Number of protein chains: 2
Amino acid sequence: MKLLNKITEPTLLLDKGKCILNIRRMVQKAKRNNVHFRPHFKTHQSVEIGEWFRQEGVLSISVSSLKMAKYFAESGWDDITLAFPVNIREASQINELAGKINLNLLFIHPETVEFLDLFLENQVGGLIKIDTGYHRSGIPASDNKKVSKLWKIIRNSGNIRFKGLLAHTGQNYHASSKKEVVANYYNTLDQLQEVAGNISNDQDKIMISIGDTPSCSIVDDLSGVDEIRPGNFVFYDLMQYKLGSCRPDQVAVVMACPVVSVRKERNEVVIWGGAVHFSKEQILHENKIPSYGQVAELTKEGWKWTGGDEFLASVSQEHGIVKLAPEKITKIKPGDLLGIIPVHSCLTANLMKGYLTLDGKKIDHLSGTLEV
Amino acid sequence: MKLLNKITEPTLLLDKGKCILNIRRMVQKAKRNNVHFRPHFKTHQSVEIGEWFRQEGVLSISVSSLKMAKYFAESGWDDITLAFPVNIREASQINELAGKINLNLLFIHPETVEFLDLFLENQVGGLIKIDTGYHRSGIPASDNKKVSKLWKIIRNSGNIRFKGLLAHTGQNYHASSKKEVVANYYNTLDQLQEVAGNISNDQDKIMISIGDTPSCSIVDDLSGVDEIRPGNFVFYDLMQYKLGSCRPDQVAVVMACPVVSVRKERNEVVIWGGAVHFSKEQILHENKIPSYGQVAELTKEGWKWTGGDEFLASVSQEHGIVKLAPEKITKIKPGDLLGIIPVHSCLTANLMKGYLTLDGKKIDHLSGTLEV
């Protein structure tokens with residue numbers, strides 16, 4: 001592709017066609033299962049990619065920060081769940097945004113409900129975060145007393161309308177097989193249904209929201225939940241491929257990195273592409289060696305994964321060291337571009353702060369600025 | 001400090017006093033050793049912090065990308081070494097910048113010298129990158145033939161003036177003691193002096209540049225080299241402390257992160273502070289558990305490190321899980337701020353894209369935008 005000739009620096013290429021297919025597939029899966037779809041926009045953080053969701057009929061979203069919520073609210077999204085435990089230091093900004101859109105917040109502690117109920121002038125929705133085994137955050141599903149207490153406090157509050165239960169089956173990222181992902185999903189679902197049954201006699205009215213990409217990609221029958229919130233599926237990545245969430249040809253992003261040195265005697269090339277581009281997220285390659293990405297061949301039509309043992313073996317701030325097959329090392333030279341499938345597309349996109357589509361269009365990404 | 005009341009989100013606090021002392025100490029060490037000081041600005045990437053160096057008499061700098069070189073050139077820096085293997089895809093931009101300032105580039109391959117010699121209209125300085133054992137990039141110090149060949153090609157070029165030999169003793173980041181850092185430093189120096197002796201009969205004229213913060217902090221007698229290029233010392237961090245490069249009270253940055261959940265039964269708090277703030281750089285805590293940062297207590301005057309077993313035990317995109325001592329866990333609550341000393345200040349600063357000084361002033365950081 002002529003596009004490649006224009007690239008001078010590490011660049012995150014986006015295949016819009018694959019991306020839209022990923023969106024459409026998940027929209028259809030949600031419809032088929034009669035499940036509400038509230039995709040997580042933390043992966044792409046892009047107003048323009050958000051529009052591709054809107055074109056598929058999506059009306060409500062999840063985000064992971066208030067800044068992200070404001071960013072998408074400004075482009076017309078008016079039903080947003082901030083899927084992160086509420087940060088009461090942002091109470092003023094929460095109140096302001098809640099005056100403009102339907103904003104749902106995550107609660108774990110009675111004191112944050114009580115604080116916001118007094119503080120807010122505008123209503124928000126309230127979800128209870130349940131820990132179903134990931135142990136990152138939330139009330140343990142087994143702690144009926146705590147869940148019931150929080151539920152009652154929310155129900156009795158004036159400014160927080162109870163919306164349901166929310167969990168993230170993050171343990172799926174340690175799963176060793178698709179079977180384990182499916183088992184984790186049903187285990188989460190069972191726990192949430194039990195919690196719902198315990199806090200209310202009228203179980204149908206308690207909304208259950210789950211949200212990881214492995215579950216939503218691998219499990220066929222999602223009929224037991226009310227809402228799904230996957231995010232990563234919009235691009236997928238090497239980690240999702242290893243988990244079984246996607247095929248290689250469904251991964252919609254690749255990094256194009258300039259080769260700056262070739263070390264034939266080590267079967268290595270040095271690329272401009274390091275921790276400030278890929279992050280330091282790693283998976284274990286064969287032989288338990290850390291890998292920061294998989295080599296892909298950049299082609300006229302986009303890219304294709306190369307088979308075999310070619311991967312990004314180490315990253316420092318700007319440098320990456322790529323292991324290549326001996327027959328490749330003799331053909332590559334400084335000034336070439338090398339494609340690398342990132343391990344974790346969310347973190348790579350967050351670092352790159354923008355995309356380039358295969359037809360040469362720049363796509364936006366939220367950029368960070370300090371608010372004090 | 002009242003400042004803390006204003007903080008609503010993860011914020012990189014900078015102690016300007018400590019930072020200036022770090023700069024001054026390294027300036028004086030270079031002077032004492034009669035060594036040219038060319039600090040690496042990739043750590044702070046800040047025009048304003050650059051001015052603090054200028055006030056201490058610094059006139060020449062190192063950077064790790066052309067974008068960074070342009071950023072600093074715009075604020076008056078006119079002697080810049082791009083301490084990264086030259087990327088010939090940026091030849092036009094290199095030529096443009098070389099027309100405005102003294103720009104030094106790093107060479108490993110004859111073909112990049114030959115390409116740029118033909119392409120450039122403006123002169124650049126050329127350094128040969130030598131690999132003294134880190135094996136990231138450069139010509140192996142033992143490969144006299146390759147070094148001599150490249151040296152001759154540079155010497156015979158019209159647009160590239162030979163400036164010297166450059167190495168980065170990155171193996172120091174795997175050192176297990178100060179003694180090992182010192183040994184690595186002298187080993188690098190020996191190799192560079194031997195290379196210099198081999199390529200020229202007039203050894204005094206071959207400039208030798210080295211540049212890692214552990215060497216420059218720990219080794220007292222730097223008289224054998226001509227130039228030093230440390231960068232991280234401007235802030236230091238947890239990794240440098242563990243290596244023996246600094247004392248805790250010399251670390252000039254800390255992250256202030258909102259607490260969003262407390263899990264007393266696990267001695268854990270959840271902070272807003274994850275991989276998009278700290279990066280995923282880790283060191284091994286006691287018992288070989290990964291640590292992404294060390295807890296510090298935020299005080300009226302700044303912060304102090306807490307002793308003991310309190311650390312950032314895991315990070316996902318926005319979440320951090322912090323292990324706290326049992327006596328602390330009973331006192332902390334959602335809405336509090338927690339201080340975390342980052343493992344790697346370069347990557348944290350690059351993610352945060354700005355600093356807040358203890359007297360409430362915002363400090364700039366280069367922000368990334370895609371150039372196509």
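Here the structure is a predicted model, which is why all the values come from computation and not from measurement.

A. How the structure looks around the overall build of chain A. A count of helical and extended segments in chain A gives 13 helices and 21 strands. Taken over C-alpha atoms, the radius of gyration comes to 22 Å for chain A, in line with the 21 Å a tight globule of 372 residues would show. Projected onto its principal axes, the C-alpha coordinates of chain A cover approximately 70 × 40 × 35 Å. The 372 residues of chain A split such that 56% are buried.

B. The relation of the copies chain A and chain B, seen in detail. Turning chain A through 180° and shifting it by 0.0 Å along the axis lays it on chain B, with an RMSD of 0.0 Å. Given the turn and translation reported, the copies of this chain are related as if by a two-fold rotation axis. The rotation axis passes nearest to the C-alpha of Lys280(A) in chain A, at a distance of 2.6 Å. Taken as a fraction of all interface residues of chain A, those also at the interface in chain B reach 100%, which identifies the copy contact as same-surface.

C. Representation of the pairing of strand E17 (residues 311-315) of chain B in the model. Residues and elements named next belong to chain B. Among the five residues that make up E17, four are buried, leaving the element largely enclosed by the rest of the structure. Where E17 lies against strand E18 (residues 319-323), four bridges are found, and the strand directions are antiparallel. By the bridge assignment, Ser314 is partnered in E18 with Ile321. In this antiparallel pair of consecutive strands, E17 and E18, the connection spans three residues.

D. The arrangement of the interface of chain A and chain B in detail. Contacts between chain A and chain B engage 52 residues on the former and 52 residues on the latter. Contributing elements (two or more residues each) for the side of chain A that touches chain B: strand E4 (79-85), helix H6 (110-119), strand E11 (253-263), strand E12 (268-272), helix H11 (275-278), strand E18 (319-323) and helix H13 (345-352) of chain A.

E. Inspection of unusual backbone geometry at higher detail. Within the chain, Lys353(A) stands out as a residue other than glycine whose phi angle is a positive 55°. Positionally, Lys353(A) belongs in the loop between H13 and strand E20 (355-357). Non-glycine residue Gln45(B) carries a positive phi angle of around 50°. By the element assignment, Gln45(B) lies in the loop between strand E2 (36-37) and helix H3 (47-55).

F. Just the confidence of the model for chain A, in detail. Per-residue confidence for chain A averages 95 on the pLDDT scale, and 98% of its residues sit at or above 70. In the model output, the complex is listed with pTM 0.96 alongside ipTM 0.95.

G. A look at the nonpolar core. Judged by nonpolar contacts, the single largest core of 240 residues is most densely connected at Leu165(A) and Leu165(B). Residue contacts for Leu165(A): discarding those within four places in its chain leaves Leu127(A), Ile128(A), Ile130(A), Leu192(A), Val195(A), Ala196(A), Ile206(A), Ile208(A) and Ser209(A).

H. Expanded view of the packing of helix H2 (residues 16-32) of chain B against H3(B). Residue and element names in this part refer to chain B. It is the contact of H2 with H3, at a shortest axis distance of 9 Å, that shows an interaxial angle of 45°. As judged from the angle between their axes, H2 and H3 are oblique. Judged by the sense of rotation from one axis to the other, the crossing of H2 with H3 is right-handed. Along its contact with H2, which presents Cys19, Ile20 and Ile23, the element H3 presents Ile49, Trp52 and Phe53. For the contact of H2 with H3, a count of residues per class yields six nonpolar, no polar and no charged.

I. How the structure looks around helix H8 (residues 178-199) of chain A. Given a rise of 1.5 Å per residue, 22 residues ought to cover 32 Å, and the 32 Å separating the end C-alpha atoms of H8(A) matches this to within 8%. Check the buried side of H8(A) and you find it contacts strand E6 (124-131), helix H7 (144-156), strand E8 (160-166), strand E9 (208-210), helix H9 (213-218) and helix H10 (238-243) of chain A.

Cut-offs applied
- Residues numbered from 1 in each chain as written.
- Chains lettered and ligands numbered in written order.
- Predicted model: local features only at pLDDT ≥ 70, side-chain atom pairs only at ≥ 80, totals over all residues.
- Helix = DSSP H or I, 4+ residues; strand = E, 2+ residues; numbered from the N terminus.
- Rg over C-alpha atoms; globule rule 2.2 N^0.38 Å.
- Buried ≥ 20, exposed ≤ 12 C-beta atoms within 10 Å, placed from the backbone.
- Least-squares fit on C-alpha atoms with pLDDT ≥ 70 in both.
- Contact = placed C-beta atoms within 7 Å.
- Pairing = 2+ DSSP bridges.
- pLDDT = per-residue confidence, 0-100.
- Core = buried A, V, L, I, M, F, W, Y, C linked by C-beta atoms within 7 Å.
- Axes fitted to C-alpha atoms, helices over the stretch in contact; angles between N-to-C directions.
- Parallel < 35°, antiparallel > 145°, perpendicular 65-115°, else oblique.
- Left-handed = near helix turned anticlockwise from the far one by under 90°.
- Nonpolar A, V, L, I, M, F, W, Y, C, P; charged D, E, K, R; others polar.
- Expected span 1.5 Å × (residues − 1).

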